[in-house]
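# Topology and contacts: notes
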Amino acid sequence: MNILKMIREDLANAREHDPAARGDVENAVVYSGLHAIWAHRVAHQLWQRGWKGPARILAQATRFLTGVEIHPGATIGRRFFIDHGMGIVIGETTEIGDGVMLYHGVTLGGQVLTQTKRHPTIEDGVVIGAGAKVLGPITIGKDSAIGANAVVTKPVPANHVAVGIPAKNLPRDPEHRVKLVDPDYFI
Ligand SMILES: CC(C)(COP(=O)(O)OP(=O)(O)OC[C@H]1O[C@@H](n2cnc3c(N)ncnc32)[C@H](O)[C@@H]1OP(=O)(O)O)[C@@H](O)C(=O)NCCC(=O)NCCS
């Protein structure tokens, strides 16, 4: 994709996802999340071409400047948006689809130290709330949402909400939900 077109798409995406966003020029200067994804796209290209050292150095410099640590090996789709930046960790074997949004403090991490696929796969349209930890090679299904501060270690089906520690999956449609806690337990 043409670089200018991609930048315009990212700026439009920032406006769409953040009610506090104002003009594109201001957003391009002040949004750490945009700086992080733009730098990642360069680092990922370097990584794929075998320039692994420079890719890691660029990722580290970006982390220093934005507080967002994305391993250059991570695969990230279009219209990815990080609101607020800071405290984000995205591991090497993470795969992220299109139109995904993360808030600050999110970890997409591993649970094992072996060099295998050990990080999550996040499908299109997923939103991950502030402080949430998604751990292991699990899949978060299309259009699902992870609640703020949830710890998710099991797959989440498409169009579900995962909340709490350990996270419980609820259909996104409230009509199909069962209570997280059985009220009889307290009576
Ligand atoms: C999970 C989330 C996406 C809500 O999705 P939703 O489809 O609108 O779901 P609801 O608000 O109807 O909540 C569904 C249930 O989960 C509970 N819930 C919602 N968010 C929760 C959270 N973060 N932790 C624990 N429980 C949560 C609700 O109380 C409700 O429980 P109930 O069915 O027993 O009443 C949202 O609550 C959330 O956490 N968003 C992240 C926002 C964020 O990080 N903002 C930072 C801005 S700086």
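Structural data are supplied above this passage.
The following refers to the structure shown. All values reported here derive from a predicted model rather than from experimental measurement.

Scoring rules and cut-offs
- Residues numbered from 1 in each chain as written.
- Predicted model: local features only at pLDDT ≥ 70, side-chain atom pairs only at ≥ 80, totals over all residues.
- Heavy atoms only, no water.
- Pairing = 2+ DSSP bridges.
- Helix = DSSP H or I, 4+ residues; strand = E, 2+ residues; numbered from the N terminus.
- Axes fitted to C-alpha atoms, helices over the stretch in contact; angles between N-to-C directions.
- Parallel < 35°, antiparallel > 145°, perpendicular 65-115°, else oblique.
- Left-handed = near helix turned anticlockwise from the far one by under 90°.
- Contact = heavy atoms within 4.5 Å.
- Expected span 1.5 Å × (residues − 1).
- Buried < 20%, exposed > 50% of the residue type's maximum accessible area, 1.4 Å probe, protein only.
- Arc of directions from axis to C-beta.
- Polar contact = N/O pair within 3.5 Å; in protein donor to acceptor, adjacent residues only side chain to side chain.
- Patch = residues over 30% accessible without salt bridge, like charges linked within 9 Å, V, L, I, M, F, W, Y side chains within 5 Å.
- Areas by Shrake-Rupley, 256 points an atom, 1.4 Å probe, with all protein chains shown as cover.
- Salt bridge = Lys/Arg side-chain N within 4 Å of Asp/Glu carboxyl O.
- Nonpolar A, V, L, I, M, F, W, Y, C, P; charged D, E, K, R; others polar.
- Phe/Tyr/Trp six-rings, centres within 6.5 Å; stacked < 30°, edge-to-face > 60°.
- Lys NZ or Arg CZ within 6 Å of the ring centre and 35° of its normal.

### Details of the sheet that holds strand S12 (residues 145-146)
Strand order across the open sheet formed by six strands is S3-S6-S9-S12-S14-S15, with mixed pairing between neighbours. The sheet is open, and its two edges are formed by strand S3 (81-83) and strand S15 (168-171), each paired on a single side. Bridge analysis of strand S6 (residues 101-103) against strand S9 (residues 127-128) gives two bridges, and the strand direction is parallel. Each bridged residue has a counterpart across the sheet, and for Leu102 the counterpart in S9 is Ile128.

### Here's the deal with the packing of helix H1 (residues 3-17) against helix H3 (residues 32-48)
The N-to-C vectors of H1 and H3 enclose an angle of 150°; their axes lie 11 Å apart at closest approach. In terms of orientation, H1 and H3 fall into the roughly antiparallel class. You can see that H1 and H3 cross each other, and the crossing is right-handed. Counting all contacts with H1, which are made through Met6, Ile7, Asp10, Leu11 and Ala14, the residues of H3 involved are Leu34, Trp38 and Arg41.

### Digging into helix H4 (residues 52-66)
For H4, spanning 15 residues, the distance from its first C-alpha to its last is 21 Å, which sits close to the expected 21 Å at 1.5 Å a residue. Those residues of H4 that fall on the buried side of the exposure criterion are Ala55, Ala59, Thr62 and Thr66. For H4, the angular spread of buried residues about the axis comes to 60°, placing them on one side. In this structure, H4 carries Ile57 and Phe64 as exposed residues pointing more than 90 degrees from its buried face. Remark: Gly67 follows H4 within two positions and exhibits a positive phi of approximately 80°.

### Some details on H1
The terminal C-alpha atoms of H1, which comprises 15 residues, lie 21 Å apart, in line with the 21 Å expected from a rise of 1.5 Å per residue. Here H1 has its buried residues at Met6, Glu9, Asp10, Leu11, Asn13 and Ala14. On the buried face of H1, the contacting elements are helix H2 (24-30), H3 and S3. By the N-cap criterion, in which a side-chain oxygen at the helix start approaches the backbone nitrogen of a residue two or three places on, H1 is capped by Asn2, the distance to Leu4 being 2.8 Å.

### Section: a nonpolar patch on the surface
Together, Val25, Val29 and Val30 line one region of the surface with nonpolar side chains, adding up to about 300 Å² of accessible area. Considering the arrangement of structural elements, one finds Val30 in helix H2.

### Quick notes on the packing of H3 against H4
Their axes nearest at 8 Å, the elements H3 and H4 cross at an angle of 175°. Classed by the angle they form, the pair H3 and H4 counts as roughly antiparallel. Here H3 contributes Ser32, His35, Ala36, Ala39, Val42, Ala43, Leu46 and Trp47 to the contact with H4, which in turn contributes Lys52, Pro54, Ala55, Arg56, Leu58, Thr62 and Thr66. The class makeup of the residues in the contact of H3 with H4 is nine nonpolar, four polar and two charged.

### Digging into the environment of Thr116
Checked against the element boundaries, Thr116 lands in the loop between strand S7 (107-109) and strand S8 (121-122). Relative accessible area serves as the criterion here: at 41%, Thr116 is assigned to the partly exposed category. A sequence separation of 57 residues divides Thr116 from Ala59, and the C-alpha atoms of the two residues are 21 Å apart.

### Structural notes on the packing of aromatic side chains
Under the counting rule described, the total for this entry stands at one aromatic pair. Positioned above the aromatic ring of Trp47 is the side chain of Lys52, whose terminal nitrogen or guanidinium carbon lies 4.5 Å from the ring centre.

So, to be careful, I would describe these as geometric facts and stop short of saying anything about function.
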